[in-house]
Every structure is written in C-alpha cells, then in structure tokens.
Amino acid sequence: MKKIAVLLRSNTEEWLHLLRTALPQHIVVADAAEAADAAYAVVGKPAPGVLAALQELQIVFSVNAGVEALLESGEVPAGIPIVRMVDDGLAEGMLEWVLATTLAWHRNLFAYRDRQLQGVWAPLGEVLARDRRVTVLGAGHLGGRVAAALAQIGFNTRVWSRTPKQIPGVVSLAGDAALPGAIQDAEILINLLPLTPATENLLDAPLLARLAPNAVLINAGRGRHVVDRAVLDSLESGRLRAAVLDVFREEPLPQTHPFWRHPGVYMTPHVAAPTHASTAVAAIAENLLGFESGASLRHVVEPARGY
Ligand code: NDP
C-alpha cells in the first residue's frame, strides 16, 4: 500500500477525508512522522525542508495550477515530477470570474452605478460584443476555456500563447514576436499566464501603451506579471480606465499600496478560482490511479519552461 502525505496549511481534514474515500487502497496521512516513507505528496506551499524529509518520494501533486512557488523554492528534490492542478472546478471558477468582470465592464455596470448614485440618467453608448476587442494572454486549461466562452458570446477574441491553438471563433497568436500584435488596440486584456522567468513583468508600460485608449486590464494570473507602477501610470494617463486585479505581488496586499484606494482599481482577494477539494481530489485520484495502472502521468510541470 503506497502512502500519500497531505502537507497543506489549511483544510487538511477535508483533504484527508476525500483522499481516503477516493483512494481506499492507499494510506493517507498528514502527520510529519508518519509521512516519512510517503511515495506521493499533496502540497500547496510546503514549509522549508518538509519535502526533503520524504525519503521515498516519487511524485508531488500541487493543489494549485500555478507552481512557481514550488519551482522557485527549490523544495522539490531534483528529478521528482511535479503535477500541477488541472481540474474542471478550477476552470469553472475562473470562467465565472472572468465572465463576471468582462461583462461588467463591457456593459458599463460600474459607471452606471456611479451615475445612479449621482442621480444622472445618461446612456454611455452600448456596443455589441462582436465590436469589442478582447485579448486573453495564456491559452491553456484556463485561458483556452475563457477564450472559447468569450468567442461564443460573440467577443472579437484573440489569444496569445507559446504554441498556436485552434479555438473556434478565436484568433490565435503564438510566440514572443506575436505579442505586440496580440495586444494592439485591445479594449479588454485578460491575463491568465503562468508566472515564469519569461512572463514575469510582462505587463509593463510599453505593452500597456499598445492597448486601446480606455482599456480594461483584468489580471487573474499572478501579481508579478504586472508592473504596478505602469498600471498606475496607465490609469492616470487614461490608457486604462480600470484595472481589475485578483492577484498581487504581495498577498495580502500591504495596506500602504496605492491600489487599495485608487478609484480605477477593482480588487478581489485572490479568489478568482480557488481550489475546491472535492473536484481537485477527483482529478488527483484519476491521474494517480491511471499512473499506477501504467498510463503516463498527466499535467507534469516542465521545470525548464517553468510551467
Ligand atoms: P496552463 O499551463 O494550462 O496554460 C498556460 C498558458 O500560458 C499556455 O497556453 C501556455 O502556452 C501559455 N504560456 C506560458 N508561457 C508562455 C510564454 N512565455 N509566452 C506565451 N505563452 C505562454 O495553465 P492554466 O491555464 O491552468 O493556469 C494559468 C495560470 O492561472 C496559473 O499558472 C496561475 O498563475 C493562474 N491561476 C490563478 C488563479 C486565481 O485564483 N487567480 C487560480 C488558478 C490559476 P502553450 O499552450 O503554448 O504551452
């Protein structure tokens, strides 16, 4: 019987229960002493040294889609595969958050709310989705699904990724050279990239300057994709009319950060797509049982490319 160590900072009891139910032929433990001979570890951001103590470790399952913290910390011993979280629950959550924010801006809901409170009846000029240019950065499990849904609604949708994609109704642009064209004149820019050395600080002043005037930036990737100063300057200059931010360089965002009280910034506290243990455990169990039956492990991170 192989052992699974659950090394999480919260919700441990729920994960233990669900994993034990989904994988009754495995021993699932959370106690550090009992975990010493675990073959598999289920982790978020493990404390230093915790993974190195697992002498028989074969696979690390991340409860997060973004694995930059695991890669940057160097806590996962070399050669041990890291499986990132690919789960329908995560994708559904992200789709809801991005559609909610995109449609709210597309239909001027915040502006009408302000006008309502001022007693002002003044249409802003509504445009059809087909006449709204939206770009999604990242076309993976999350970005691909978001782009497909936006296109289905009718938005004029482009995606940018490392490799070309075929998504119905979506223009796919791939590779570094295509980035300026992917962003040019976008009215809504949605970031769903993973954080890697190649994508860190990608959303800087020259890039934001390519957007249409009064564009909306929607960031649910990672805070370090965005140069904060460039976002604030773009809001001041009117290049951006709003920045909708779910993720930040430092979380919780320090109280002194100008984003907190800036009228053009709309924040949510990293809740766009939380991992739900119920769907996430099902994804881990399916992958693990397939692997133990001889199939290839799925969703393995490639350390060299950083995601
Ligand atoms: P995937 O790995 O499935 O997709 C990543 C996408 O980014 C792929 O399309 C990939 O291209 C593209 N990409 C990566 N590097 C580059 C690059 N250098 N240039 C161009 N394109 C690049 O990840 P997910 O969709 O599952 O998740 C994306 C990110 O969303 C996570 O890493 C995490 O940071 C964030 N996230 C945020 C959450 C929140 O609550 N705010 C919750 C969950 C995730 P290609 O397809 O060619 O490989």
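Here, every reference points to the structure presented above.
This section reports on the structure supplied with the text.

1. Overview of the sheet that holds strand 11 (residues 240–245)
Then comes step 1: If you trace the seven strands from one edge of the open sheet to the other, you get 8-7-6-9-10-11-12, paired in parallel fashion. One side of each edge strand has no neighbouring strand; the edge strands of this open sheet are strand 8 (170–174) and strand 12 (265–267). Within the sheet, the average angular offset between the axes of one strand and its neighbour, ignoring direction, is 15°.
Then comes step 2: Pairing analysis gives five bridges linking strand 6 (residues 133–137) to strand 7 (residues 156–161), with the strands arranged parallel. From the neighbouring strand, Arg133 faces strand 7, where its bridge partner is Asn156.
Then comes step 3: Sheet strands touched by helix 6 (residues 141–153): strand 6, strand 7, strand 8 and strand 9 (188–191). Its angle to strand 6, the strand with the most contacts, is close to 165°.

2. Here's the deal with the nonpolar core
Then comes step 1: In this structure, Trp15, Phe61, Met94, Ile190 and Leu192 are the most contacted members of the largest nonpolar core, which totals 54 residues.
Then comes step 2: Setting aside chain neighbours within four positions, we find Leu192 in contact with Met94, Val98, Val136, Leu137, Gly138, Leu142, Gly143, Val146, Ala220 and Gly221.
Then comes step 3: Grouped together as the second largest cluster of nonpolar side chains are 28 residues, Ala243, Leu245, Phe248 and Phe259 included.

3. With respect to the pairing of strand 3 (residues 40–43)
Regular strands place their side chains on alternate faces of the sheet.
Then comes step 1: Here strand 3 shows no split at all, with Tyr40 and Val42 on one side and Ala41 and Val43 on the other all buried.
Then comes step 2: Sheet topology note: the strand 1 (residues 3–7)/strand 3 ladder contains four bridges and is parallel. If you follow Ala5 over to strand 3, its bridge partner there is Ala41.
Then comes step 3: With four bridges joining them, strand 3 and strand 4 (residues 59–62) adopt parallel strand pairing. In the sheet register, Val42 faces strand 4, and the bridge partner there is Phe61.

4. Overview of the environment of Gly49
Then comes step 1: Along the polypeptide, Gly49 turns up in the loop between strand 3 and strand 4.
Then comes step 2: Overall, Gly49 belongs to the partly exposed group, its relative accessible area being 36%.
Then comes step 3: Separated by 27 residues in the primary sequence, Gly49 and Val76 have C-alpha atoms spaced 9.3 Å apart.

5. Considerations on the pattern of salt bridges
Then comes step 1: Taken as a whole and assessed by the stated rule, the structure comprises 11 salt bridges.
Then comes step 2: Here Glu68 makes a salt bridge to Arg222, at a shortest N to O gap of 2.7 Å. With Glu68 in helix 3 (residues 68–73) and Arg222 in the loop between strand 10 (215–219) and helix 9 (228–237), this residue pair connects regions lying 154 residues apart in the sequence.
Then comes step 3: Classification of Arg222 by relative accessible area gives buried; the value is 18%.
Then comes step 4: The partner of Glu72 in a salt bridge is Arg224, and the shortest N-O contact between them spans 2.9 Å. Here Glu72 is found in helix 3, whereas its partner Arg224 is found in the loop between strand 10 and helix 9, with 152 residues between them in sequence.
Then comes step 5: When salt bridges with common partners are traced through the structure, they connect Glu72, Glu200 and Arg224 into a single cluster.

6. Brief notes about the packing of helix 4 (residues 88–106) against helix 6
Packed helices, taken two at a time, are described by the angle their axes make and the gap between the axes.
Then comes step 1: Look at helix 4 against helix 6: their axes get within 9 Å of each other, and the N-to-C directions meet at 45°. The pairing of helix 4 with helix 6 is recorded here as oblique in orientation. Here helix 4 and helix 6 pass one another in a crossing that is right-handed. The segment helix 4 lies against helix 6, with Asp88, Leu90, Ala91, Glu92, Met94, Leu95, Val98, Leu99, Thr102 and Leu103 engaging His141, Leu142, Arg145, Val146, Ala149, Leu150 and Ile153.
Then comes step 2: Among the residues making up the contact of helix 4 with helix 6, the classes are represented as 12 nonpolar, two polar and three charged.

Definitions and cut-offs
Residues numbered from 1 in each chain as written. Predicted model: local features only at pLDDT ≥ 70, side-chain atom pairs only at ≥ 80, totals over all residues. Heavy atoms only, no water. Pairing = 2+ DSSP bridges. Helix = DSSP H or I, 4+ residues; strand = E, 2+ residues; numbered from the N terminus. Axes fitted to C-alpha atoms, helices over the stretch in contact; angles between N-to-C directions. Contact = heavy atoms within 4.5 Å. Core = buried A, V, L, I, M, F, W, Y, C linked by side-chain atoms within 4.5 Å. Buried < 20%, exposed > 50% of the residue type's maximum accessible area, 1.4 Å probe, protein only. Salt bridge = Lys/Arg side-chain N within 4 Å of Asp/Glu carboxyl O. Parallel < 35°, antiparallel > 145°, perpendicular 65-115°, else oblique. Left-handed = near helix turned anticlockwise from the far one by under 90°. Nonpolar A, V, L, I, M, F, W, Y, C, P; charged D, E, K, R; others polar.

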